[in-house]
2 protein chains.
Amino acid sequence: MKYVITGGAGFIGSNLAAEFVRAGHEVHVVDNLSTGQARFLTDIDCHLHRIDLCSPTTDLGDIVAGAAAVYHLAANADVRFGWQDRRRDLSQNVIATLNVADACTAAGVRELIFSSTGSVYGQAAVIPTPEDAPYPIQTSLYGAAKSAAEGFLAAYAEAGLLTVTVFRFVSVLGPRYTHGHVIDFIRQLRRDPMRLLVLGDGTQRKSYMHVDDCVAAVSTVRTGEPFSVVNLGTAEYCTVLDSIGWIVDELGLAPVLEFTGGDRGWVGDNPFIWLDTARVRSTGWRPRYTIEASVRHTVSWLMANPWVLDIVDSRSDAQADPGGGR
Amino acid sequence: MKYVITGGAGFIGSNLAAEFVRAGHEVHVVDNLSTGQARFLTDIDCHLHRIDLCSPTTDLGDIVAGAAAVYHLAANADVRFGWQDRRRDLSQNVIATLNVADACTAAGVRELIFSSTGSVYGQAAVIPTPEDAPYPIQTSLYGAAKSAAEGFLAAYAEAGLLTVTVFRFVSVLGPRYTHGHVIDFIRQLRRDPMRLLVLGDGTQRKSYMHVDDCVAAVSTVRTGEPFSVVNLGTAEYCTVLDSIGWIVDELGLAPVLEFTGGDRGWVGDNPFIWLDTARVRSTGWRPRYTIEASVRHTVSWLMANPWVLDIVDSRSDAQADPGGGR
């Protein structure tokens, strides 16, 4: 079967590409390599198409034509920096999604899988948060844009143009991980092993999952409905301080912690993210990794692949980089 | 006080402008006159700025500067024709809203009022539908775009940039009404008084409110929160057949009804829209018009202003025009 993965040179996308190639499928990756890494695809026998999805291109139609499904994972994936460029989330997470949807409908591809986020629930009124939680009030441009893209895709499905499965992820960890709190902390500790600056007060509670568990769900879980939304996460959560403990233990360090204070890491941060995953569990899917195992695996992978830390260092000089959230 | 009303030459906007002018305020209307009518403002002492909000303009900043509040009512307001131009709702209802929000924040205007719609609830799981109904699945590009705009504005409010009040309207009726089922039916009956084609089977249940009641709420109801959502509607609903009965009675006609069939008028139509208005009622606001009075008033106003029917006729030659929904 032919599968197209947008953002397929990124963290989750490259793991999904590897899985499909292992299973013998023809995989086409569409990526602008702005945060994706061609190096992630070195050992994966797939086709890489360097295309920016924010500007419609006729090439995209040719690439998706004949695909059994398009996995649209390309996105701005950093919830924190939306206010540095107010239109980035609109462009990269809404307009790019509509460009992919229109390429699919024009090419006769019906099956679209979309990577959304638990951030769409804003500061959730119900925790753990089910898919049909009360209509949320958005707290970040990132969550607003992902929710917007979900809504447009639902309209496409209602109009009979596409069959859409939306996965709302918690933050994902594991091999090829390129952004979030684990990398932020390790980068800090590479510069100064004695000191760690933490956004907020460290008590923010977050849920994480391992990329292998994420890929297993995304590639197999379908409801049979024209439009469905499925939360993905583990049945547990941890605090930022828990995660710091596993990270410094894995590194063999004992830094002094300094806190910026407050109960959230940045504007729009949600101090408690925990998704109700009863729906995905009802399909038989179960996560194989605990949060602790996921954090430790991520640390060991990053230490074995310091080039990723170097790239993120060079890319992030202009951005604030203490960790504390995702 | 200075107030800015985008879409102020349109149906609701011109009624709101009239209300503010009556109260002695300085009113600036921003409208591209694509569906708005300069003639609606003839007797209203306000400033009309002809600007297209889809393309950012520096003029907008000068216009909103010093305003006590900006009422953002400019929009594509027709839920039915989204699929004729898939990007129209994105452009006119999302991007235009962000352009207005950014003009406000740049000019130091904090108070933004946004006209949303009961269509954001999709096919609601709870009826009458409260503001915190279960996270909806969108059924139209129009509803998806309005929900998207709400979400982005919520993020602006969370970031401390704006104080936003979102009003989710049912369909509005009354003087200066320019689109929806009443005008569609009257236009048909002007061409052939003996026959009326109805989208769907006529049993779709809808809720309507009078524009005077809408303006009274929009201009006065505030919650004091940085971001709030308020449903607006009457406490009743009617069927399309009820409304047809009032319209033909008002016109003194007895046409034969023909139905396209099915329980909805068009792709994305919702066969039952009825909003829970407990929140707005808790502020003391009450509608003064019943749905029947609103329908009859709309018919008599349109018959006294046939130029509106002429304009809609000339504009709609390319579009399907049987009534049955809004």
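Residues numbered from 1 in each chain as written. Chains lettered and ligands numbered in written order. Predicted model: local features only at pLDDT ≥ 70, side-chain atom pairs only at ≥ 80, totals over all residues.

Brief notes about the domain arrangement of chain A
Residue and element names in this part refer to chain A. The criterion, for reference: The split into domains, and so the bounds of each, comes from an automatic or database assignment of domains. What counts as a contact is two residues whose backbone-derived C-beta atoms lie within 7 Å of each other. In this description a helix means any DSSP run of H or I spanning at least four residues, a strand means any run of E spanning at least two, and both kinds are numbered starting from the N terminus. Three residue categories are used. Nonpolar comprises Ala, Val, Leu, Ile, Met, Phe, Trp, Tyr, Cys and Pro, charged comprises Asp, Glu, Lys and Arg, and polar comprises the others, including Gly.
If you check the domain split of chain A, you get domain 1 (2–172 + 210–232) and domain 2 (173–207 + 235–272 + 289–315). Residue-level contacts link 22 residues of domain 1 with 18 residues of domain 2. Counting residues per element, the ones that place at least two in the side of domain 1 that touches domain 2 are α1 (11–22), β7 (171–173) and α6 (211–220). Its residues assigned to classes, the side of domain 1 that touches domain 2 shows nine nonpolar, nine polar and four charged.

Here we look at the sheet that holds strand β6 (residues 163–169) of chain A
All names here are of chain A. As a reminder of what qualifies: Here the rule is simple: two strands pair whenever DSSP picks up at least two bridges between them. In this analysis an axis means a line fitted to C-alpha atoms, helices contributing only their contacting stretch, and an angle means the value between N-to-C directions, from 0 to 180 degrees.
Pairing in this open sheet of seven strands is parallel, and the strands run β3-β2-β1-β4-β5-β6-β11 from one edge to the other. Edge positions in the sheet fall to β3 (47–50) and β11 (227–232), since each has one partner strand and no second. Pairs of neighbouring strands in the sheet enclose a mean axial angle of 20°, with direction left out of account. Looking at chain direction, strand β2 (residues 26–31) and β3 are connected through four bridges and run parallel. Note on β3: the bridge partner recorded for His 28 is His 47. Along the sheet, α1 makes contact with β1 (2–6), β2, β4 (69–72) and β5 (111–117), crossing β2 at roughly 165°. Each of β1, β4 and β5 is contacted by helix α3 (residues 88–107), which is oriented at about 175° to β4, the strand it contacts most.

Digging into the pairing of strand β6 (residues 163–169) of chain B
Residue and element names in this part refer to chain B. Filter applied, for reference: Exposure in this text rests on C-beta crowding, where 20 or more other C-beta atoms within 10 Å of a residue's own make it buried, 12 or fewer make it exposed, and counts in between make it partly exposed. The C-beta atoms are placed from the backbone. By convention, orient the strands away from the viewer: a clockwise path from the first strand over the helix to the second makes the crossover right-handed.
For β6, a buried count of seven out of seven residues is recorded, marking the element as mostly surrounded by other parts of the structure. Of the two faces of β6, the one carrying Thr 163, Thr 165, Phe 167 and Phe 169 and the one carrying Val 164, Val 166 and Arg 168 are both buried. Inspection of the sheet shows strand β5 (residues 111–117) paired to β6 by seven bridges, in the parallel sense. The partner of Phe 114 across the bridge, within β6, is Val 166. Running through helix α4 (residues 141–158), the crossover from β5 to the neighbouring parallel element β6 is right-handed.

Some details on α4 of chain B
Residue and element names in this part refer to chain B. Test applied: Any helix carries an expected span of 1.5 Å times its number of residues minus one.
If you check α4, its first and last C-alpha atoms are 25 Å apart, about what 18 residues at 1.5 Å a residue would give, namely 26 Å. The element α4 is largely enclosed, with a buried count of 18 among its 18 residues. Downstream of α4 by one or two residues, Gly 160 has phi in the positive range, about 80°.

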